[in-house]
Amino acid sequence: MNFPAIIADKKFGRALTGEQIEAFVRGAADKTVPDYQLSALLMAIRLNGMDARETADLTLAMARSGDMLHPDVGGIPVDKHSTGGVGDTTTLVLVPLCAACGAKIAKMSGRGLGHTGGTVDKMESIGMRTSLPEADFLRQVREIGCAVVGQSAELAPADKTLYALRDTTATVDSLPLIASSIMSKKLASGAQGIVLDVKVGSGAIMPDYAGSLALAKTMVDIGTRAGRNVSALLTGMDEPLGSHVGNMLEVKDAVEILRGESAGPLLTVSLALGAQLLTVGGVAANPEEGEAMLRRALADGGGLEKLRQLIRAQGGDESVCDHPEALADAPIVRDVAAPRAGVIARMDTTLLGYAAQELGAGRRQKTDQIDPRVGFIMRCRVGDNLSAGAPICTVYAANEETFAGAQQMILRAVEIGDAPTPPSRLIYAMVTPQGVTEY
């Protein structure tokens, strides 16, 4: 197929045919189309967009570019995906809770990059294996109800090529390209029920509500066209979701929640997402019933026991379930103090994520090594009153240099004002094939 003609069609705003999209994806997967032509088409898509049919065709072609799994897990395989954020530890809370309720969660997760954290890094911080042979992965889901691994090289290989090019050609912020990248991997993994956590706010890939809603609608439409049961929640990222930021610290946060020793926004959002997951997985008739089931699993310790089983099955240190305090362990532990009295008016969550990266909790490049010990625990949220000198957060650092750099970024990220400020919103809306329900 004449690839320059495909570029020209999209350059002039014409819809691409299914055959043209297939040629584009095939060329990306098998490297038969040079990067400069792929990049040109990516930019044309970024500037002129794609309609719903094109976006669905692109997603399905990317999913079919590698292995298409058909997991036999003794039930409906379900998965959850977050568009990324800071202190976003929902997977480690909701996966064991949902598995304790009878769900079959065959979860593919990612690593952190830039200002966002990654579940795979959090799991590896306590010694868990995040790469399993397919047969072992499926057997684990059948036996204990859940497994969480990184994406295999055989799933949606076209996405790897295109994502790397998007990252270097300023085409990351394209709704059809974002949606197809996320959904192609979920479709290829074989998930029949999919719950999407689409973030809104200063730490989100789509900071404004309108953009996040459009992304959620697009992904739900793609999944529905592919015959999957999909719903999405739009949740807040105007401040870190959990109080703990950093790999071992976020595991600590999840364990303390499952032990019943902590609550707050992370638990609230985890329960909302988990209720959707139980619903799309056929375990609960509706989200209300699902949330009631999750609360019972939290109260009776079923969620904590399932986390213990998950950690044990993947070779991690299950003693953290009994001693989460052991995960708060870094050479330097020191507060960042409020420079004046006032009210927390807003937070630049992206900058807080980069402060964690400065400490060594995240990567500037995919090849960087992370320090699992470092991060910080927030001691305040938007709307809180602080006195001068009160702790904004407690930093866990490897050395004085990284502590100083992170402290400067945290002080810039947390704005202290004088006027009363309402708390940040946690849940904005739910999107299903039937429409949008705003909260």
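Residues numbered from 1 in each chain as written. Predicted model: local features only at pLDDT ≥ 70, side-chain atom pairs only at ≥ 80, totals over all residues. Heavy atoms only, no water.

(A) View of the sheet that holds strand β5 (residues 229–236). Within the open sheet, the seven strands sit side by side as β3-β2-β1-β4-β5-β13-β14. Their pairing is mixed. The strands lining the two open edges of the sheet, one partner per strand, are β3 (146–150) and β14 (435–438). For this sheet, the mean angle separating the axes of adjacent strands, direction not counted, is 20°. With five bridges joining them, strand β1 (residues 77–82) and strand β4 (residues 193–200) adopt parallel strand pairing. In the sheet register, H81 faces β4, and the bridge partner there is L196. Running over the sheet, helix α9 (residues 175–188) touches β1, β2 (104–109) and β4 and is turned about 160° from β4. (Pairing = 2+ DSSP bridges. Helix = DSSP H or I, 4+ residues; strand = E, 2+ residues; numbered from the N terminus. Axes fitted to C-alpha atoms, helices over the stretch in contact; angles between N-to-C directions. Contact = heavy atoms within 4.5 Å.)

(B) Structural view of unusual backbone geometry. Located in the positive-phi region is K31, a residue other than glycine, with phi close to 65°. Structurally, the position occupied by K31 is in the loop between α2 (18–30) and α3 (35–48). Residue classification places K31 among the exposed residues on the basis of a relative accessible area of 58%. At A170, a residue that is not glycine, the phi angle is positive and equals roughly 60°. As for its placement among the helices and strands, A170 is situated in the loop between α8 (157–168) and α9. Residue class for A170 comes out exposed when judged on its relative accessible area of 60%. (Buried < 20%, exposed > 50% of the residue type's maximum accessible area, 1.4 Å probe, protein only.)

(C) Representation of helix α10 (residues 209–225) in the model. When the terminal C-alpha atoms of α10 are compared, their 24 Å separation across 17 residues agrees well with the 24 Å that a helix rising 1.5 Å per residue should span. Among the residues making up α10, those that are buried are G211, S212, L213, L215, A216, T218, M219, V220, I222 and G223. Lining the buried residues of α10 we find α4 (52–63), α9, β4, β5, β13 (427–432) and β14. Positive backbone phi, approximately 80°, marks G227, located one or two places after α10. (Expected span 1.5 Å × (residues − 1).)

(D) Just the pattern of salt bridges, in detail. This structure, assessed with the given rule, holds 24 salt bridges. K122 serves as the salt-bridge partner of E250, at 2.8 Å between the closest nitrogen and oxygen. Within this pair, whereas E250 is found in helix α11 (residues 247–258), its partner K122 is found in helix α6 (residues 119–124), the two being separated by 128 residues in sequence. As far as burial versus exposure is concerned, E250 and K122 are alike and both buried. Between D418 and R340 there is a salt bridge whose closest N-O contact spans 3.0 Å. Taken together, the residues span a long stretch of sequence, with D418 in the loop between β12 (414–417) and β13 and R340 in the loop between β7 (332–337) and β8 (342–347) at a distance of 78 residues. Looking at R340, the relative accessible area reads 34%, which means it is partly exposed. Here the salt bridges share partners, and the residues they tie into one network are D79, K107 and K186. (Salt bridge = Lys/Arg side-chain N within 4 Å of Asp/Glu carboxyl O.)

(E) Highlighting the packing of aromatic side chains. The full count for this structure, using the stated rule, is two aromatic pairs. An angle of 50° between the planes, with centres 6.4 Å apart, marks the rings of F3 and F24 as tilted. Here F3, found in helix α1 (residues 3–11), pairs with F24, found in helix α2; they are 21 residues apart in sequence, far enough to count as distant. F24 shares its class with F3; the two are buried. Centre to centre, the rings of Y209 and Y428 are 5.9 Å apart; their planes meet at 25°, and the pair counts as stacked. (Phe/Tyr/Trp six-rings, centres within 6.5 Å; stacked < 30°, edge-to-face > 60°.)

(F) Layout of empty space enclosed by the protein. By the definition in use, this model includes two cavities of 30 Å³ or more. In this structure, the largest cavity encloses a volume near 50 Å³. As for the largest cavity, its lining consists of L92, K122, M123, I126, M128, V251, A254, L307, L310 and I311. The set of elements that each furnish at least two residues to the lining of the largest cavity consists of α6, α11 and α14 (302–313). Lining the second largest cavity, in full, are G236, M237, D238, E239, P240, L241, R381, S424, R425 and L426. (1 Å grid on protein atoms, 1.4 Å probe; cavity = no way out; pocket = protein on both sides within 12 Å on 5 of 7 lines; lining within 4 Å. Points joined across faces, edges and corners; volume = space filled by probe spheres on them.)

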